[in-house]
Amino acid sequence: MSDKTSPQGALSPQEALEDAGLSVRDRHALMHHEIRQRICLLDYLPGTRLSEVSLAEEFGTSRTPIRRVLARLEDEGLVQSVHGVGTVVTDADLTELEQAYRLRVELIALTARLDPVLPDADFIAAFDQLVQRGADIVVSGTARAFTQFDIDVFQVLLHLTANLPLRQTLERFYFQTKRLWLRAAEEAQLDLEEEFRIFQHELEAIQLALRAGDVEAVAHIQRAHISMSLKRLQLKSR
């Protein structure tokens, strides 16, 4: 299972769900976020059966909202409904997801052209904290901690576009492919120290682009990183 406390001391989804002021939509989003993270962090391995009853009990809700969350995850390709078995976590295979990975390379460039959002001082300060967190991971990080960190960075940078359909599409393909890296890392196919350093260099380049207010440069840096990540995965899988 995932950690009870999210990065930087924020409330976990389980704790946040106890807030009586949350709307139905917000509760649904929090449950979706938490289960999706567990899948992408391999807390739920491919083939794991997800019990509606157990999840409903854990999140303190009825089975109907859980069923809706699982249906959304199935639409995103992270789980599938198997007759006679229930809902199971799908596998993550590079051969099957290579096209999705390549599409990510092309889509990320659109964030600088479709309703771009210029970073303000608060955004830059928040990203500065991420850069420092990345430096700590370079020194003593694990593959799982790095994956969680990568997810956090992705979700922050997603706010550089106000185009909702683009953001939703980027999220869909990001989380479909994210497990590929962690699986390769856990199977010792990747040099973790090198991977950490590469990503930290990317963050530092993005940091400079943000301070210059150059969202197009940010998109180009991300595009290059995604493309190179795919190439490294392809080489290691041969």
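Residues numbered from 1 in each chain as written. Predicted model: local features only at pLDDT ≥ 70, side-chain atom pairs only at ≥ 80, totals over all residues. Heavy atoms only, no water.

### Here we look at the packing of helix 2 (residues 24-40) against helix 3 (residues 52-59)
Running from N to C, helix 2 and helix 3 point in directions that differ by 120°, and their axes come no closer than 12 Å. Between helix 2 and helix 3, the angle is such that the two are oblique. For helix 2 against helix 3, the interelement crossing comes out right-handed. Side by side, helix 2 and helix 3 meet where R27, M31, E34, I35 and R38 of the first sit next to L55, E58 and F59 of the second. Along the lines of polarity and charge, the residues of the contact of helix 2 with helix 3 split into four nonpolar, no polar and four charged. (Axes fitted to C-alpha atoms, helices over the stretch in contact; angles between N-to-C directions. Helix = DSSP H or I, 4+ residues; strand = E, 2+ residues; numbered from the N terminus. Parallel < 35°, antiparallel > 145°, perpendicular 65-115°, else oblique. Left-handed = near helix turned anticlockwise from the far one by under 90°. Contact = heavy atoms within 4.5 Å. Nonpolar A, V, L, I, M, F, W, Y, C, P; charged D, E, K, R; others polar.)

### A few points about unusual backbone geometry
In this structure, L42 is a non-glycine residue whose phi angle is positive, near 65°. Within the secondary structure, L42 sits in the loop between helix 2 and strand 1 (49-50). Its identity is not glycine, yet D115 carries a phi of approximately 50°, on the positive side. Relative to the assigned elements, D115 resides in the loop between helix 5 (94-107) and helix 6 (121-140). Of the residues examined, D115 reaches a relative accessible area of 43% and is grouped as partly exposed. (Buried < 20%, exposed > 50% of the residue type's maximum accessible area, 1.4 Å probe, protein only.)

### Looking at the environment of C40
By secondary structure assignment, the location of C40 is in helix 2. Distance from C40 to H225, taken between C-alpha atoms, is 19 Å for residues 185 residues apart in sequence. Leave out the neighbours within four places in its chain, and C40 touches T147, I151, F175, K178, R179 and L182.

### Focus: the nonpolar core
Counting 63 residues, the largest nonpolar core has I35 and F127 as its most contacted members. Considering every element that reaches this core, the biggest residue donor is helix 8 (residues 164-186), with 10 residues. The contacts of I35, once residues within four sequence positions are left out, are Y44, L50, L55, F59, V69 and L73. (Core = buried A, V, L, I, M, F, W, Y, C linked by side-chain atoms within 4.5 Å.)

### Comments concerning the sheet that holds strand 2 (residues 79-82)
Pairing within the open sheet is antiparallel, and its three strands lie in the order 1-3-2. Strands with a single pairing partner mark the edges of an open sheet, and in this sheet they are strand 1 and strand 2. Bridge count between strand 1 and strand 3 (residues 86-89): two bridges; the pairing is antiparallel. Opposite R49, over in strand 3, you have V88 as the bridge partner. Sitting on the sheet, helix 4 (residues 63-75) touches strand 1, strand 2 and strand 3, and the angle it makes with strand 2 is about 110°. (Pairing = 2+ DSSP bridges.)

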